[in-house]
Amino acid sequence: MKAITSIVFLFFSTISFAQTVQDSIPTNSEQKENASQRILSGNSGGAVTIGGYGEMVYNQPEGDNGTLDVHRLVLLLGYKFDEKTQFITEIEVEHVEEIYVEQAFVNYAISNNVNLRGGLMLVPMGIINEFHEPTTFNGTSRPAVDHDIVPTTWRELGVGVTGRIPEYSLGYQAYVFNGFKSTAFDSDGGVKGFLKGKDGLRGGRQKGIKSTVDSPTLSAKVDYYGIPGLRFGLAGYFGKTQADDKVEDLDGANIGISMVGFDVRYAFRKFTARGEFVYASLSDTDKYNALTGKDLGSALMGYYVEGAYNLLPMTAKQKLYAFARYEHYDTHASTEGILVRNDAYNRQDITAGLSYHIANGVVVKGDYQIKDNAVDGADVKNQLNFGIGVWF
């Protein structure tokens, strides 16, 4: 308890000290660009553009030891070959030891409002999967919906088209990707499954690492931005999972996926709000579970709503958001065959705290999470969190 008290004192002392910083802060919930979009719109011909973001976090579950972690550090590089052709990449180090390529794609501008893209790209589903830089969202950690339902950061290899229809205030994206990996033979000749009940599709992300593909998947999103301060998004993802050679012929090696998502963001003066709903229907999960011994549900569902209010005057160059978020997510929203629904996978989180933007691209965060699930008398630990995030 003394450790928590000291950390709380340190956090608010940092806030008090940071009042002297005089850099301007963008409205975090009305973010119009993510990291790659910022580089695409900003780099000049023949020059390399460099950016990055990172976050360091402290998590303290009740009754357990706390953990300190450099959760991620990302280097962004962009190069503009000519007025039409650009290359963007993100190189991410997670937990100081795991290195990934998060994005790597070529963007070719056919016109001002139409772009062709190819490479390793983000799947447009929900808010956080595309806008996950730490200064763009409240809370030390990303919403759980965008971990267990939308497996953020979700990126795959593919080709597609992006653009805008200005006269209708619409933005659009449409891609053909490789899909999730569902099965492979293990070293003993048995069948290994990558998808499971607790976090759904997350374990099947291929991330561009020697990705296997036996059928394409379709991903698309439309955004409407015609009302000042308000933005709506509607997304869909459809296809089948991928299996290694020889495994793909086994009954239950692949499953079908139909995922739809709706999101909304709103900002008016000192108040901001956002929300998201995602539902995924999975087919042939009974055969998949029989083959692999997993407990994958036949439907995943999650949503959250969040409100935030800037406690500082409108004229201040810093921003201090007090926020609260409620989320409900269930990776066993439905089950097939003999699989019994696991109520421990029917979860809800309430998160409340502060996000203090002390400079343009620097945020200090603190929050408390109340966690629960549908199991009677479940022993789920609440958690205190602090973090520092940067984006430049």
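Below, the structure is looked at part by part. (Residues numbered from 1 in each chain as written. Predicted model: local features only at pLDDT ≥ 70, side-chain atom pairs only at ≥ 80, totals over all residues. Heavy atoms only, no water.)

Some words on the overall build of the protein
Here comes step 1: Secondary structure summary: the protein contains 4 helices and 19 strands in total.
Here comes step 2: A compact globule built from 392 residues should have a C-alpha radius of gyration of about 21 Å, and the protein, at 21 Å, falls within 12% of that.
Here comes step 3: In terms of overall dimensions, the protein has C-alpha extents of about 65 × 60 × 40 Å along its principal axes.
Here comes step 4: Classification of the 392 residues of the protein by burial places 51% in the buried group.
Here comes step 5: Considering only contacts in the protein between residues 6 or more positions apart, those separated by 24 or more positions represent 62%.
Here comes step 6: For the protein, the computed accessible surface area is about 17500 Å², with 60% contributed by carbon and sulfur atoms.
Here comes step 7: Taken as two groups, the 36 positive and 46 negative side-chain charges of the protein have centres that lie 6 Å from each other. (Helix = DSSP H or I, 4+ residues; strand = E, 2+ residues; numbered from the N terminus. Rg over C-alpha atoms; globule rule 2.2 N^0.38 Å. Buried < 20%, exposed > 50% of the residue type's maximum accessible area, 1.4 Å probe, protein only. Contact = heavy atoms within 4.5 Å. Areas by Shrake-Rupley, 256 points an atom, 1.4 Å probe, with all protein chains shown as cover. Lys, Arg positive; Asp, Glu negative; His and termini not counted. Charge placed at Lys NZ, Arg CZ, Asp CG, Glu CD.)

Side note on unusual backbone geometry
Here comes step 1: Omega for the peptide link from Thr152 to Thr153 comes to 0°, which places this bond in the cis form.
Here comes step 2: Although it is not a glycine, Ser169 adopts a positive phi angle of roughly 55°.
Here comes step 3: Along the chain, Ser169 turns up in the loop between β6 (155–165) and β7 (170–177).
Here comes step 4: Exposure remark for Ser169: the relative accessible area of 18% places this residue in the buried category.
Here comes step 5: Despite not being glycine, Arg269 has its phi angle at roughly 50°, a positive value.

Notes on the pattern of salt bridges
Here comes step 1: Under the criterion given, the structure shown has 15 salt bridges.
Here comes step 2: For the salt bridge of Lys80 with Glu83, the shortest nitrogen-to-oxygen distance reads 3.7 Å.
Here comes step 3: Residue class for Lys80 comes out buried when judged on its relative accessible area of 13%.
Here comes step 4: You can call Glu83 exposed: its relative accessible area is 65%.
Here comes step 5: Arg341 serves as the salt-bridge partner of Asp330, at 2.6 Å between the closest nitrogen and oxygen. Of this pair, Asp330 sits in strand β16 (residues 319–334) while Arg341 sits in the loop between β16 and β17 (346–359), and the two are 11 residues apart along the sequence.
Here comes step 6: For Asp330, a relative accessible area of 3% gives the class buried. (Salt bridge = Lys/Arg side-chain N within 4 Å of Asp/Glu carboxyl O.)

Things to note about the nonpolar core
Here comes step 1: Within the largest apolar cluster, 39 residues are counted, with the highest numbers of intra-cluster contacts made by Met125, Trp154, Leu201, Tyr237, Ile255, Met259 and Leu282.
Here comes step 2: Sorting the residues of this core by element identifies α2 (35–42), β2 (67–80), β7, β11 (230–240), β13 (256–268), β14 (271–283) and β15 (299–310) as the ones contributing at least two each.
Here comes step 3: Sequence-distant contacts of Leu201, defined by excluding residues within four places in its chain, comprise Phe180, Leu195, Ile255, Ile257, Met259, Leu282 and Leu300. (Core = buried A, V, L, I, M, F, W, Y, C linked by side-chain atoms within 4.5 Å.)

Describing the side chain of Arg205
Here comes step 1: Mapped onto the secondary structure, Arg205 falls in the loop between β9 (191–193) and β10 (217–224).
Here comes step 2: One buried charged side chain, Arg205, makes no salt bridge at all; its nearest oppositely charged neighbour is Glu94, positioned 6.5 Å away.
Here comes step 3: Side-chain polar atoms of Arg205 contact the backbone oxygen of Thr153, separated by 3.1 Å.
Here comes step 4: A distance of 3.2 Å separates a polar atom in the side chain of Arg205 from the backbone oxygen of Arg202.
Here comes step 5: Contacts of Arg205, omitting those with residues within four sequence positions, involve Pro151, Thr152, Thr153, Trp154, Arg155, Glu156 and Phe180. (Polar contact = N/O pair within 3.5 Å; in protein donor to acceptor, adjacent residues only side chain to side chain.)

Here's the deal with helix α4 (residues 285–292)
Here comes step 1: Listing the buried residues of α4 in full gives Thr285, Tyr288, Asn289 and Thr292. On an axial view of α4, the arc spanned by its buried residues comes to 95°, and they lie on one face.
Here comes step 2: Elements that come into contact with the buried residues of α4 comprise β8 (181–185), β9 and β14.
Here comes step 3: One or two residues past the end of α4 sits Gly293, with phi positive at roughly 75°. (Arc of directions from axis to C-beta.)

Quick notes on empty space enclosed by the protein
Here comes step 1: All chains considered together, the criterion is met by 1 cavity of 30 Å³ or more.
Here comes step 2: If you add up the space inside the largest cavity, you get close to 40 Å³.
Here comes step 3: Lining the largest cavity are Glu55, Val57, Pro134, Thr140, Lys365, Gly387, Ile388 and Gly389.
Here comes step 4: For the lining of the largest cavity, the secondary structure elements donating two or more residues are β1 (48–61) and β19 (383–391).
Here comes step 5: If you tally residues by element for the lining of the largest cavity, the top one is β19, at 3 residues.
Here comes step 6: Residue composition of the lining of the largest cavity, by class: 3 nonpolar, 3 polar and 2 charged. (1 Å grid on protein atoms, 1.4 Å probe; cavity = no way out; pocket = protein on both sides within 12 Å on 5 of 7 lines; lining within 4 Å. Points joined across faces, edges and corners; volume = space filled by probe spheres on them. Nonpolar A, V, L, I, M, F, W, Y, C, P; charged D, E, K, R; others polar.)

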